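# Understanding the architecture of this molecule
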Amino acid sequence: SINGYSLEFLGLTVIVSAYYVVLSFSYVGTLVVAGPLELGMTLFILEVVRTKKGNFATGFNGFIQFVPSFVAGLLMSIFVMLWSLLLIIPGIVAGLSYSMTYFILADNPKISGLEAIKKSKEMMKGHKWEYFCLCFSFFWWFVLCAVTFGLAYIYVAPYFNATIANYYEELKATAVKLASDFPH
């Protein structure tokens, strides 16, 4: 839950959105900062979900791990684009496979972007459909965002991101339990 931290999240969302708007005129600029900004947003939402406190500055800590987050963002873009060449469905499946990459980078700051992608693929095995359904359950919320010209995004973005963060926490706990039940 992110109750009480909607303003911090909104401020962070506005800043990140402004970056994307400004940099949208330059694909290279967007490519360079997208990974660190996504990691920063992930660090912030994990902090709120885990500690019930959120520090606005945490949203920019993704730049501390600039190289791994940049590499992860770049490689995910390339991989999804290549899978999408086969048709749209393989691209969607690839995107679902890589969906936990920034969460894994947030919890493991010493690993590379490629390692985080591999761990995300492993974590999402058997969970892609479940994750797709979870994301799709927000369809009408996103329609509401469109109808209100983004105003509903003030509520929906923190709600959606906290839901995904909690899903990651659940997946991670399941993986830890399975590892302890079946030691190598």
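This one's a predicted model, so the numbers in the text were calculated from it and none came from an experiment.

Attention now moves to the overall build of the chain. Helix and strand content of the chain: 9 helices and 0 strands. In the chain, the order of α-helices and β-strands from amino to carboxyl end is α-α-α-α-α-α-α-α-α. For the chain, with 184 residues in total, the buried portion stands at 38%. Carbon and sulfur atoms provide 72% of the accessible area of the chain, an area that totals close to 10700 Å².

With that settled, the discussion passes to helix α3 (residues 66-84). Side chains of residues three or four places apart in an α-helix project in the same direction, reflecting 3.6 residues per turn. The end-to-end C-alpha separation of α3 is 27 Å, in line with the 27 Å expected for 19 residues at 1.5 Å each. Within α3, the full set of buried residues consists of P68, S69, A72, G73 and M76. Burial along α3 is one-sided: seen end-on, the buried residues are contained in an arc of 130 degrees.

The next subject is the pattern of salt bridges. If charged atoms from side chains of opposite charge come close, those side chains can pair. Tallied over the entire structure, the rule returns 4 salt bridges. As a salt-bridge pair, E169 and R50 come within 2.7 Å of each other at their nearest N and O atoms. Of the two residues, E169 sits in helix α9 (residues 153-181) while R50 sits in helix α2 (residues 27-51), which places them 119 residues apart along the sequence. A salt bridge links E169 to K172, with the shortest nitrogen-to-oxygen separation between them at 3.7 Å. On the criterion of helical spacing, the pair formed by E169 and K172 is a turn pair, its members being 3 residues apart in helix α9. Among the residues examined, K172 registers a relative accessible area of 27% and is labelled partly exposed. Where salt bridges share partners, they join R50, D107, E169 and K172 into one cluster.

The rules behind each value
- Residues numbered from 1 in each chain as written.
- Predicted model: local features only at pLDDT ≥ 70, side-chain atom pairs only at ≥ 80, totals over all residues.
- Heavy atoms only, no water.
- Helix = DSSP H or I, 4+ residues; strand = E, 2+ residues; numbered from the N terminus.
- Buried < 20%, exposed > 50% of the residue type's maximum accessible area, 1.4 Å probe, protein only.
- Areas by Shrake-Rupley, 256 points an atom, 1.4 Å probe, with all protein chains shown as cover.
- Expected span 1.5 Å × (residues − 1).
- Arc of directions from axis to C-beta.
- Salt bridge = Lys/Arg side-chain N within 4 Å of Asp/Glu carboxyl O.

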